[in-house]
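In case you want the letters, here they are:
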Amino acid sequence: SSYYKDINKEEAIKSAINGLTSYLDETYTGILDKNKANLLLEDLNATYDGIGITIDNNVIVHVIKDSPAYNAGIQSDDLIIAINDVDVSLSSGEEISNLLKENQKNIKISVKRGEEILSFENISFSKLDVPRVEYKIIDNTNIGYMQILLFSNSVSEQAENALEELRSKNID
């Protein structure tokens, strides 16, 4: 069977599946391409190779404690303005992430913190365990608070460790 012009079969199949899932009008129904599927698996495994930041466009939303970014001095709410002297101030989070993945070693990240421009050099990717459980003692109480940020393969172990730590401090 032939058509009057060339058709990319892979794109045609992808479009058909997207049409089916969008017809369902269900927020959580869809198809993941290979890249998004790998990211989901990284999330579920609670480990990934990176520098330890979560970004929303060029804003650093979270820095994982003891990660390469944390150890360099990068903080939440810093605005990423350049990576290896390439301006990324108007780039999407995905573009910034891809640029970081292209380099992986000896990365220079320039950020804007308040009115100050800061540069952090020699940041390299490492295998990171992503904390999925946060815990603390509520100020001026004897009450421990534990929050599960995202369910993953390691969340039960992290919750047990957090509970053990809280119990060791005689928390209710």
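Since the model is a prediction, treat every value here as computed from it, not as a measurement.

1. A word on the nonpolar core
Membership of the largest hydrophobic core comes to 19 residues, with the highest contact counts inside it found for Ile51, Ile53, Ile74, Ile80, Leu100 and Ile109. For this core, the elements supplying multiple residues, two or more each, are strand 3 (59–63), strand 4 (79–83), helix 4 (93–103), strand 6 (107–113) and strand 7 (116–123). Once residues within four sequence positions are removed from consideration, Ile80 is found in contact with Ile53, Ile55, Asn58, Ile60, Val88, Ser89, Ile96, Ile109, Ser110 and Val111.

2. Comments concerning unusual backbone geometry
Even without a glycine there, the phi angle at Asn57 is positive, about 55°. As for its placement among the helices and strands, Asn57 is situated in the loop between strand 2 (53–56) and strand 3. Since its relative accessible area comes to 43%, Asn57 is described here as partly exposed.

3. Digging into the pairing of strand 2
Relative to strand 3, strand 2 runs antiparallel, the two sharing four bridges. From the neighbouring strand, Ile53 faces strand 3, where its bridge partner is Val63. Connecting strand 2 to the antiparallel partner strand 3 that follows it, the hairpin turn spans two residues, and Asn57 within it adopts a positive phi of roughly 55°.

4. Side note on the pattern of salt bridges
All told, the structure shown has four salt bridges when counted by the stated rule. As a salt-bridge pair, Lys108 and Asp85 come within 3.0 Å of each other at their nearest N and O atoms. Separated by 23 residues along the polypeptide, Lys108 in strand 6 and Asp85 in the loop between strand 4 and strand 5 (86–87) bring together distant segments of the chain. Classification of Lys108 as partly exposed rests on a relative accessible area of 22%.

How each quantity is defined
Residues numbered from 1 in each chain as written. Predicted model: local features only at pLDDT ≥ 70, side-chain atom pairs only at ≥ 80, totals over all residues. Heavy atoms only, no water. Core = buried A, V, L, I, M, F, W, Y, C linked by side-chain atoms within 4.5 Å. Buried < 20%, exposed > 50% of the residue type's maximum accessible area, 1.4 Å probe, protein only. Helix = DSSP H or I, 4+ residues; strand = E, 2+ residues; numbered from the N terminus. Contact = heavy atoms within 4.5 Å. Pairing = 2+ DSSP bridges. Salt bridge = Lys/Arg side-chain N within 4 Å of Asp/Glu carboxyl O.

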